[in-house]
Amino acid sequence: MSQQDGQELTPAQRRRAARRLRRWLGTGPMDTLLGVRGAEAVDRLLANHPVVTGESVQDGLDLLADRRRTHPEGLAVERWGRRLSRLFGVVLVLLGVAGALLVVAVIWADSQDVQFEEFAARIGVSGAALVVPALVLLALAVVLTWVSTTWRHVIALGEARHTVRWAADRPGQLGRGLPVVEPFSGFTPWCVGPAVILWVLAALTLIFTAWLAGEGDFGLLDPLLVGVGLGLAGWLCLRGARALRHTATVASEHLLLLRPRERGLRMTPATALRERFLDLREGGTLLGRTFTYAAEWTVYPLTTQLTVQELTRLREQSDHDLETERELVGSPEQAPVVTVEKPGEESTLVGSFEREYAGGWLVAEARSREREHVWVVVRDRPERFAAEVLPLFGDRHGLEPGSIRLLDEPQQVPTDGAWVDEWAETRSAGR
């Protein structure tokens, strides 16, 4: 949540958001952390303005050590997430079996020149008994897919609540801020999506009501009330989304240090620090247009503090997020954790790369392990790349170590627009 968003809140909105934040994170532990109760707790929270310092890194490591000691198998919400993943896998297997049996039954009935219902009767069941289980499993798979892809936000909330309890016993932790990610903005789509659906249903209901009115003597009150009720429910959902945004703003400005990130591994104290570079490779030409292969390599230095069990859990979380464009490089127990993100078909990653690295710096040229020419681009501070960033990757950076040639003077890449393909084409022509 940006600072600008926070400035748009009125004092009354800010106080309401602070009260919601106190309830969501646990009234008792929050009051213990703040040292006061009731309205004074809200005032104390809004007067707090933590900033990231060198101590924040140590606070994050202390939090990791405490979680390792008190929850060696992960928080309860993490354990439920793993159970949901296993259930999702079981449902997919059962759905595949049910679908295959249904297809076989249909094909066999057709080969015997009998109706599907007649075939079902021959084996002692009804046609619905063959179809309904597959439909139920399909619906369950859809629901579990949605729950699995959004469960990360529940985990983030659980981590924030745990961190409040941990911080309540640490003097001075309130002023330094809590080394955990803000979880509330992740719940906003949970409100916006239903609001849109409810408003569409309300509009269709009112259109249907208007059609009934034109058809003659029909009761209009019931469908009219249904349409208005759906519209009101959609409005309440949008109010909930706005309340969540306000709560996220207050949490980010007055309590929590880490910000949600658009891409990469889930934000935790161990993944809060990351070093990365953009790997641009000469592509080919399609219909007269030159294209470039792009990938972003990222290392998370603080993951060296994790145990082998925690590293394995981090990989499981990444797999659970179902983001196929990201791949963890190396074995599950290897630290620090290294990832590579490569755009797939119809991916938005290239656009993200162009925005994030616009105005960045070309620091080196190299060959990939597939013998392709590579340009290495960093977002800022190019002088750090060779001495501080590249060594963190070890041999997991996708480049031939002996081929890396550092530029004497880093060269700035274009500052805006869709620059990657045109810039790469110009560089290729100049080689």
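Note: the structure precedes this text.
Residues numbered from 1 in each chain as written. Predicted model: local features only at pLDDT ≥ 70, side-chain atom pairs only at ≥ 80, totals over all residues. Heavy atoms only, no water.

Caption draft 1: Structural detail: unusual backbone geometry. Cis geometry is adopted by the peptide bond preceding P336, which originates at A335 and carries an omega value of 0°. If you trace the backbone, P336 turns up in the loop between β5 (326-329) and β6 (337-341). A positive phi angle is found at R371, which is not glycine, with a value near 70°. Among the structural elements, R371 can be located in the loop between β7 (361-367) and β8 (373-378). Among the residues examined, R371 registers a relative accessible area of 54% and is labelled exposed. (Helix = DSSP H or I, 4+ residues; strand = E, 2+ residues; numbered from the N terminus. Buried < 20%, exposed > 50% of the residue type's maximum accessible area, 1.4 Å probe, protein only.)

Caption draft 2: Local environment of the pattern of salt bridges. Taken as a whole and assessed by the stated rule, the structure comprises 23 salt bridges. Across the salt bridge formed by D31 and R37, the nearest N and O atoms sit 3.7 Å from each other. The class of R37 is exposed, set by a relative accessible area of 60%. What emerges from the salt-bridge pattern is a single network uniting R263, R276, E296, E341 and E356. (Salt bridge = Lys/Arg side-chain N within 4 Å of Asp/Glu carboxyl O.)

Caption draft 3: Focus on the state of the cysteines. Across all of its chains, the model carries zero disulfides by this definition. Unpaired in this structure, C191 has its nearest cysteine sulfur neighbour in C237, at a distance of 6.0 Å. On the accessibility criterion, C191 (18% relative accessible area) is buried. (Disulfide = S-S within 2.5 Å.)

Caption draft 4: Structural detail: the pairing of β7. Burial analysis of β7 places five of its seven residues in the buried class, which makes it a mostly covered element. Sheet analysis places β7 next to β8, joined by six bridges and oriented antiparallel. Across the sheet, R367 pairs through a bridge with H373, a residue of β8. The hairpin formed by β7 and β8 contains five residues between the paired strands, and R371 there has a positive phi angle of roughly 70°. Of the strand pairs in this sheet, β7 and strand β9 (residues 405-412) are connected by four bridges, and their pairing is antiparallel. Within the sheet, the bridge partner assigned to E365 lies in β9 and is R405. (Pairing = 2+ DSSP bridges.)

Caption draft 5: Region of the structure containing the packing of helix α3 (residues 27-34) against helix α4 (residues 39-46). Contact geometry for α3 and α4: axes closest at 10 Å, N-to-C directions at 60°. By the angle between their axes, α3 is oblique relative to α4. Considering only the axes of α3 and α4, their crossing is left-handed. Side by side, α3 and α4 meet where M30, D31 and L34 of the first sit next to A41, R44 and L45 of the second. Of the residues that constitute the contact of α3 with α4, the class distribution is four nonpolar, no polar and two charged. (Axes fitted to C-alpha atoms, helices over the stretch in contact; angles between N-to-C directions. Parallel < 35°, antiparallel > 145°, perpendicular 65-115°, else oblique. Left-handed = near helix turned anticlockwise from the far one by under 90°. Contact = heavy atoms within 4.5 Å. Nonpolar A, V, L, I, M, F, W, Y, C, P; charged D, E, K, R; others polar.)

Caption draft 6: Inspection of the environment of P72 at higher detail. Tracing the chain through its elements places P72 in the loop between α5 (54-70) and α6 (76-111). Residue classification places P72 among the partly exposed positions, given a relative accessible area of 40%. Taking C-alpha positions, P72 is 8.6 Å from E310, a pair spaced 238 residues apart along the chain. Excluding anything up to four places from it in sequence, P72 contacts R67, Q309 and R313.

Caption draft 7: Geometry of a nonpolar patch on the surface. A contiguous nonpolar patch, built from V192, V196, I197, W199, V200, L201, L204, I207, L232, W235, L236 and L238 and spanning about 1,100 Å² of accessible area, is present on the exposed surface. Secondary-structure elements contributing two or more residues to the nonpolar patch are α10 (188-215) and α11 (221-254). Residue contributions to the nonpolar patch peak at eight residues, all from α10. Inspection of the secondary structure puts L236 in helix α11. (Patch = residues over 30% accessible without salt bridge, like charges linked within 9 Å, V, L, I, M, F, W, Y side chains within 5 Å. Areas by Shrake-Rupley, 256 points an atom, 1.4 Å probe, with all protein chains shown as cover.)

Caption draft 8: Molecular detail of helix α2 (residues 11-24). Compared with an ideal rise of 1.5 Å per residue, which puts 14 residues at 20 Å, α2 spans 20 Å between its outermost C-alpha atoms and is within 8% of the ideal. Within the sequence span of α2, burial applies to Q13, R14, A17, A18, R20, L21 and R22. One or two steps after α2, the chain reaches G26, where phi turns positive at roughly 105°. (Expected span 1.5 Å × (residues − 1).)

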